[in-house]
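Each chain is listed here by its residues.
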Amino acid sequence: MLNERVSAAKKIASELHQAEDAIDEVMIRIAHLAATLPTARRDTNMSAIVGQEAMAKVARALAAAGDVRQLLTDAHVALTVTQKEVGLGTRMFGAGVKPASARLVDEGSNDSSADDVAFAPLAQAS
């Protein structure tokens, strides 16, 4: 049973980190577009009115992506509660690069048979 929970946790963490990475990439691409639009307008000596509706929509798209990112990070934090509820304590598999503040944690785990497996806390956003 423990192996099944650990396996599920690893899959969830992997999918979550991929989703977080994807929304970051989307935000980066939208931000580049948002910078390119007024630059192109200025470089071509067009009136400020030209392309304003498109620029406004791109700005709204970036804000919406920010909202999506917030929802994903909220889900990330909520999963730390779930990991304790399913008996994994403060251990969780984390994919990707962790911030310097992230560290491996052994305390609080409900399963002593998994001591040989080190998991990074899921609460640390990637």
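This structure is a prediction, so every number in the text was calculated from the model and none was measured.

### Digging into the pattern of salt bridges
Okay, step 1: Applying the stated criterion across every chain yields a total of two salt bridges.
Okay, step 2: Across the salt bridge formed by Arg 69 and Asp 24, the nearest N and O atoms sit 2.5 Å from each other. Of this pair, Arg 69 sits in helix H2 (residues 52-85) while Asp 24 sits in helix H1 (residues 2-43), placing them 45 residues apart in sequence.
Okay, step 3: By relative accessible area, which is 31% here, Arg 69 ends up partly exposed.

### Some details on unusual backbone geometry
Okay, step 1: One non-glycine residue, Asn 45, lies in the positive phi region at around 55°.
Okay, step 2: Its location among the elements puts Asn 45 in the loop between H1 and H2.
Okay, step 3: Given a relative accessible area of 71%, Asn 45 falls into the exposed group.

### Some thoughts on the confidence of the model for the protein chain
Okay, step 1: Put simply, the protein chain has an average pLDDT of 80, and 70% of its residues get 70 or more.
Okay, step 2: Here residues 103-126 is a poorly scored stretch, pLDDT under 50, and it has 66 contacts once near neighbours within four places are set aside; other chains count.

### Some thoughts on H2
The periodicity of an α-helix, 3.6 residues per turn, causes residues three or four positions apart to be oriented the same way.
Okay, step 1: Taking 1.5 Å per residue as the helical rise, H2 with its 34 residues ought to reach 50 Å, and the 50 Å between its terminal C-alpha atoms agrees with that figure.
Okay, step 2: When H2 is considered as a whole, its buried residues turn out to be Met 55, Val 58, Ala 65, Thr 73, His 76, Thr 80 and Gln 83.
Okay, step 3: On its buried face, H2 sits against H1.
Okay, step 4: Positive backbone phi, at 85°, marks Gly 87, one or two positions downstream of H2.

Conventions used here
- Every residue gets a number counted from 1 within its own chain, in the order that chain's sequence is written.
- Where local features are concerned, this predicted model is filtered to residues with pLDDT of at least 70; where side-chain atom pairs are given and counted, the filter is 80 or more; whole-chain, interface and lining totals use all residues.
- To obtain the side-chain values, all non-hydrogen atoms of the structure were included, while hydrogens and water were left out.
- For this analysis, a salt bridge means a side-chain nitrogen from Lys or Arg found within 4 Å of a carboxyl oxygen belonging to Asp or Glu.
- By definition, any uninterrupted DSSP run of H or I lasting at least four residues is a helix, any uninterrupted run of E lasting at least two residues is a strand, and each is numbered from the N terminus.
- Note on exposure labels: buried denotes an accessible area under 20% of the residue type's maximum, exposed denotes more than 50%, and partly exposed covers the range between, all computed with a 1.4 Å probe on protein chains only.
- pLDDT is defined as a per-residue confidence score from the predictor, taking values between 0 and 100.
- In what follows, residue pairs with any heavy atoms lying within 4.5 Å of each other are defined as contacts.
- The length a helix should cover is 1.5 Å for every residue beyond the first.

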